[in-house]
Amino acid sequence: MAAASSSTALISAALPEKGATRLATQLLLAVAGSLLLIASAKTKVVLGPVDMSLQTLAVLGIGAAYGLRLGVATLLLYMAQGAMGYPVFQSTPEKGIGIAYMLGSTGGYLLGFVAMAAIVGWAVDRGWGRSIVKMLGVMLVAEIVMMALGFSWLSLLIGVEKSWQFGVVPFIVPDLIKVALAAAAVPAIWALLPKKA
């Protein structure tokens, strides 16, 4: 029984057991998560030709807090909001909105965010969230997958050299810092939660 209780996402302790209340709570959490993603996309620091946002940190946090299913559902809700033309992404509406924006230079990174939440959510569903070493490892893998998807898509649009120069290199150090912060935060939060008898 103890093993089962450790194999859950952070939010699972707050979810009702079953029924309409559980579904309503999950829906509210998905909406709240999508609002966090919007806020993180709009919170940016301009460093040269590339804007840095807090979005990677938010995606890692959602995956760790929500687990695989709710984490991916939250990211898909966010993508659906963007596809419907709401200015939810970084640099929207200034650089376009909707599907056209999603198929532009950030398309691979947006897909990568979904993959990132899935990878981290899968890991926390298996109880890895209590270990900083496991969280750091899985979050690094999630980061690499996200960057690889972003780089691959961007390479089709502007070529490999420019994609590496503008789509990967400027993000390496800031994203590693965000990965380290998220990986340290998850076990720390678990340590603060009351232990089940």
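Residues numbered from 1 in each chain as written. Predicted model: local features only at pLDDT ≥ 70, side-chain atom pairs only at ≥ 80, totals over all residues. Heavy atoms only, no water.

Asks: Can you walk me through the pattern of salt bridges in this structure?
Replies: Pairs may arise between side chains of opposite charge once their charged atoms sit close together. For the structure shown, the criterion picks out one salt bridge. With its nearest N and O atoms 3.2 Å apart, the salt bridge here joins Asp175 to Lys178. With Asp175 and Lys178 both in helix α8 (residues 172–192) and three residues apart, the pair spans about one turn of that helix. Relative accessible area serves as the criterion here: at 2%, Asp175 is assigned to the buried category. Residue class for Lys178 comes out buried when judged on its relative accessible area of 9%. (Salt bridge = Lys/Arg side-chain N within 4 Å of Asp/Glu carboxyl O. Helix = DSSP H or I, 4+ residues; strand = E, 2+ residues; numbered from the N terminus. Buried < 20%, exposed > 50% of the residue type's maximum accessible area, 1.4 Å probe, protein only.)

Asks: Looking at this model, I keep getting lost on unusual backbone geometry. Mind explaining?
Replies: Glycine aside, a negative phi is what most residues show, and trans is what most peptide bonds show. Look at the link from Thr92 to Pro93: it is a cis peptide, with omega at 5 degrees. Mapped onto the elements of the fold, Pro93 is located in the loop between α3 (55–83) and α4 (98–102). We note that Ser91 has phi near 65 degrees; this positive angle belongs to a residue other than glycine. The topology assignment puts Ser91 in the loop between α3 and α4. Taking relative accessible area as the criterion, Ser91 reaches 9% and is therefore assigned buried.

Asks: I'm lost on the packing of helix α6 (residues 132–158) against α8 in this one. Help?
Replies: Two packed helices can be described by the angle between their axes and the distance between those axes. Two numbers describe how α6 lies on α8: the axes approach to 9 Å, and their chain directions differ by 145 degrees. Crossing hand, α6 versus α8: right-handed. In contact with Ile132, Met135, Leu136, Met139, Leu140, Glu143, Met146 and Met147 of α6, α8 contributes Asp175, Leu176, Val179, Ala180, Ala182, Ala183, Ala184, Val186 and Pro187. Across the contact of α6 with α8, the residue classes tally to 15 nonpolar, no polar and two charged. (Axes fitted to C-alpha atoms, helices over the stretch in contact; angles between N-to-C directions. Left-handed = near helix turned anticlockwise from the far one by under 90°. Contact = heavy atoms within 4.5 Å. Nonpolar A, V, L, I, M, F, W, Y, C, P; charged D, E, K, R; others polar.)

Asks: Teacher, can you tell me more about a nonpolar patch on the surface here?
Replies: A surface patch of nonpolar side chains, amounting to about 780 Å² of accessible area, comprises Leu136, Leu140, Trp164, Val169, Ile172, Val173, Leu176, Ile177 and Leu181. When residues in the nonpolar patch are grouped by element, the largest group, five residues, is from α8. Its place among the elements puts Trp164 in helix α7 (residues 160–167). Judged by relative accessible area, which is 45%, Trp164 ranks as partly exposed. (Patch = residues over 30% accessible without salt bridge, like charges linked within 9 Å, V, L, I, M, F, W, Y side chains within 5 Å. Areas by Shrake-Rupley, 256 points an atom, 1.4 Å probe, with all protein chains shown as cover.)

Asks: Please clarify how the nonpolar core should be interpreted in this entry.
Replies: Within the largest apolar cluster, 49 residues are counted, with the highest numbers of intra-cluster contacts made by Leu75, Tyr78, Met79, Phe89, Met135 and Met139. Here the element with the most residues in this core is α3; it accounts for 12 residues. (Core = buried A, V, L, I, M, F, W, Y, C linked by side-chain atoms within 4.5 Å.)

Asks: I would appreciate a short explanation of α6 in the present structure.
Replies: Because an α-helix packs 3.6 residues into every turn, residues spaced three or four apart end up facing the same way. The end-to-end C-alpha distance of α6, which contains 27 residues, comes to 37 Å, matching closely the 39 Å that a straight helix rising 1.5 Å per residue would cover. The complete set of buried residues in α6 reads Met135, Val138, Met139, Ala142, Glu143, Met146, Met147, Gly150, Leu154 and Ser155. For α6, the elements touching its buried residues are α3, α5 (107–125), α7 and α8. Gly159 occupies a position one or two residues after α6 and carries a positive phi of about 95 degrees. (Expected span 1.5 Å × (residues − 1).)

Asks: Mind showing me how you'd approach α3 here?
Replies: With 29 residues, α3 extends just 18 Å between its outermost C-alpha atoms, more than 12% less than the 42 Å of an ideal straight helix rising 1.5 Å per residue. The largest bend in α3 amounts to roughly 130 degrees and is located at Gly67. (Bend = angle between axes of the 7 residues up to and from the residue.)

Asks: Honestly, the packing of aromatic side chains in this entry has me stumped. Any pointers?
Replies: Aromatic ring pairs: the centre-centre distance and the angle between the two ring planes describe each pair. The final tally for this structure, using the stated rule, is four aromatic pairs. On the numbers, 5.5 Å between centres and 10 degrees between planes, the contact of Phe89 with Tyr101 is stacked. One end of the pair, Phe89, is in the loop between α3 and α4; the other, Tyr101, is in helix α4, and 12 residues separate them in sequence. Residue Tyr101 is classed as buried on the basis of its relative accessible area of 11%. (Phe/Tyr/Trp six-rings, centres within 6.5 Å; stacked < 30°, edge-to-face > 60°.)

The values reported here are purely geometric and, on their own, carry no functional implication.
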